[in-house]
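For reference, the chains in residue letters:
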Amino acid sequence: MFTVSDYCVPGSSKYIEPSNNLKRKHEHVNQSENETIQNNLECAVNVVPSVPKNDIGLFISRSLSDVEKHIVLTNLWSPPLNYLYPLLEQHTKRKIKFQHHWLGKFNWLCYSEKLQGAFCKYCAVFARSGGVGNQTLSSLVTTACQNWKNALKVFENHSNNDYHKTSVLKGENFIQLFSSNKPNIVEILDSEMYTNFVLINICTYRLMHNAHAT
């Protein structure tokens, strides 16, 4: 995850402000991208009956755009208080279901009606590997957690994982950058206009530095 330092002149803490043209381009792309993504999500909801809009299950195990990442982190569907959670086949003997109050206890936790299980919204977006021996991630990240019998223990253990803590930090940083409407870092680096802008700033900085040194 990139920080404000990625927008500074090398050797200086001075922030490089992208040009107005680049900002307008970014805002236009964001708006168009957001409309396209919302249309795609609505199509997905129509294809799979009764799947709520912005269900976390629509975003799992695939590459996400910045707009989609922001949706997952800030605007996911959440079951209402009177929601009837399904009784899964593996829990029919004990009659155990997902408990709604778990969502309040763990602010990273979210529930998917589509996949009938729980996920960590931060790790679903940012975690790539973790666990003992850097194992491939699965439950709560790439697959739905349905272990309701030991749910609290599973959730608490997940909260203490280093990869989860890292994902939360990345998520908070991402939200700040996205909300400030800074252009995507890949888009910035690919922009010839911005590249020239950076080169001009670097040359100016070097000339000023040399002038002070003499």
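Please read all numbers here as calculations on a predicted model, not as lab measurements.

Points about the nonpolar core
With 44 residues, the main nonpolar core has Ile-56, Phe-98, Trp-108, Leu-109, Ala-118, Trp-148 and Phe-155 as its most contacted residues. Counting residues per element, this core draws most heavily on helix H4 (residues 121-126), at five residues. Aside from chain neighbours lying at most four places away, what touches Ile-56 is Val-72, Leu-76, Cys-110, Tyr-111, Ser-112, Phe-119 and Ala-124.

Focus on helix H2 (residues 66-74)
Among the nine residues in H2, eight count as buried, and that is most of the element. Looking only at H2, the buried set comprises Asp-66, Val-67, Glu-68, Lys-69, His-70, Ile-71, Val-72 and Leu-73.

Re the pattern of salt bridges
Evaluated as defined, the whole model comprises one salt bridge. Note that Glu-68 is salt-bridged to Arg-62, the shortest N-O span being 2.8 Å. The exposure class assigned to Glu-68 is buried, which follows from its relative accessible area of 8%.

Description of the packing of aromatic side chains
For any pair of aromatic rings, the description consists of the separation of the ring centres together with the inter-plane angle of the planes. Enumeration over the complete set of coordinates arrives at 15 aromatic pairs. Considering the side-chain rings of Tyr-83 and Tyr-111, the 6.2 Å spacing of their centres and the 65° angle between planes classify their relative orientation as edge-to-face. Note that Tyr-83 is positioned in the loop between H2 and helix H3 (102-105) and Tyr-111 in strand S1 (residues 109-112), a separation of 28 residues in sequence. Judged by its relative accessible area of 18%, Tyr-83 falls in the buried class. Summarising the aromatic geometry, the rings of Phe-106 and Trp-108 are spaced 5.5 Å apart at their centres and angled 55° between planes, so their arrangement reads as tilted. Comparing Phe-106 with Trp-108 shows no difference in burial state: the two are buried. In textbook terms, an aromatic cluster arises when at least three aromatic residues are bridged by ring pairs, as seen for Trp-77, Tyr-83, Tyr-85, Phe-98, Trp-102, Phe-106, Trp-108, Tyr-111, Trp-148 and Phe-155.

Definitions and cut-offs
- Residues numbered from 1 in each chain as written.
- Predicted model: local features only at pLDDT ≥ 70, side-chain atom pairs only at ≥ 80, totals over all residues.
- Heavy atoms only, no water.
- Core = buried A, V, L, I, M, F, W, Y, C linked by side-chain atoms within 4.5 Å.
- Buried < 20%, exposed > 50% of the residue type's maximum accessible area, 1.4 Å probe, protein only.
- Helix = DSSP H or I, 4+ residues; strand = E, 2+ residues; numbered from the N terminus.
- Contact = heavy atoms within 4.5 Å.
- Salt bridge = Lys/Arg side-chain N within 4 Å of Asp/Glu carboxyl O.
- Phe/Tyr/Trp six-rings, centres within 6.5 Å; stacked < 30°, edge-to-face > 60°.

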